[in-house]
Amino acid sequence: MIKTKFSIRAYLIGLAFLFSVFLMIKILQTSLSSNSGELFHTIFFSLITIFIFVSLFSEIRTKAIIFQIKGREVVVKYFFGIFPTSFMKNEINGWKYSRVEFRSNVYEYLYLYKDGNKIAKISQYYHRNYFKIKNEIQGEFKYLGYEEQTLTQNFKDIFK
């Protein structure tokens, strides 16, 4: 059995997500008890907090996953392992990879596909044993090519 392990960055993003939830609750409490003079500030900070919340939620939902290969089964646990889904190896069409630049570093992402849809995003940024997992996937599944990352594709992935 092989299983992904989170990097410290993944946990920090999880903490930032929890902080944004806390911040949204505090802003909501403040807005309910504030006078109209603070309305602009409340709306402004609410919108910023909601944007941060949605961004972090989509990051965690699609990238903070636990990936396991157990015999003939592949298990993908989304949202830090809370929502598990299982697939048989023969159901998976193959894998693609891409490279993403972030803060002058380049991180590799690997995507598993089933019926033309991404079922897992495994990343060097979120997983400290990424290359071990990649080597296992290369031996098990068909290579489908390189996938260019675009802002449009990232935006679509948020709502899938």
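Remember, it's a predicted structure, so these values are computed and weren't measured experimentally. (Residues numbered from 1 in each chain as written. Predicted model: local features only at pLDDT ≥ 70, side-chain atom pairs only at ≥ 80, totals over all residues. Heavy atoms only, no water.)

A. Local environment of the pairing of strand E5 (residues 94-102). Examined bridge by bridge, E5 and strand E6 (residues 105-114) share nine bridges and lie antiparallel to one another. Paired with Lys96 across the bridge in E6 is Tyr111. Counted between consecutive antiparallel strands, the loop separating E5 from E6 contains two residues, among which Arg103 sits at a positive phi close to 50°. Inspection of the sheet shows E5 paired to strand E8 (residues 143-146) by three bridges, in the parallel sense. Bridge assignment links Trp95 to a residue of E8, and that residue is Tyr143. (Pairing = 2+ DSSP bridges. Helix = DSSP H or I, 4+ residues; strand = E, 2+ residues; numbered from the N terminus.)

B. Broad picture of the sheet that holds E5. Pairing is mixed in the open sheet, where four strands are placed in the order E7-E6-E5-E8. Every interior strand has two partners, whereas the edge strands, strand E7 (117-123) and E8, have only one. For this sheet, the mean angle separating the axes of adjacent strands, direction not counted, is 25°. Seen against the sheet, helix H4 (residues 130-140) touches E5, E6 and E7 and runs at an angle of roughly 35° to E6. (Axes fitted to C-alpha atoms, helices over the stretch in contact; angles between N-to-C directions. Contact = heavy atoms within 4.5 Å.)

C. Inspection of the nonpolar core at higher detail. Phe67, Leu112, Ile122, Ile137 and Phe141 are the most contacted members of the largest nonpolar core, which totals 19 residues. Apart from residues lying up to four places away in sequence, Leu112 is in contact with Phe67, Ile92, Gly94, Trp95, Asn117, Lys118, Ile119, Ala120, Ile137 and Phe141. (Core = buried A, V, L, I, M, F, W, Y, C linked by side-chain atoms within 4.5 Å. Buried < 20%, exposed > 50% of the residue type's maximum accessible area, 1.4 Å probe, protein only.)

D. A look at the pattern of salt bridges. Summed over the entire model, instances satisfying the criterion amount to five salt bridges. The residue Lys134 makes a salt bridge to Glu108 at a minimum N-O spacing of 2.5 Å. Of this pair, Lys134 sits in helix H4 while Glu108 sits in strand E6, placing them 26 residues apart in sequence. Residue classification places Lys134 among the buried residues on the basis of a relative accessible area of 12%. Overall, the relative accessible area of 5% leaves Glu108 in the buried class. Taken together, the shared-partner salt bridges connect Arg99, Glu108 and Lys134 into one network. (Salt bridge = Lys/Arg side-chain N within 4 Å of Asp/Glu carboxyl O.)

Read these as layout, nothing more, since geometry by itself doesn't imply function.
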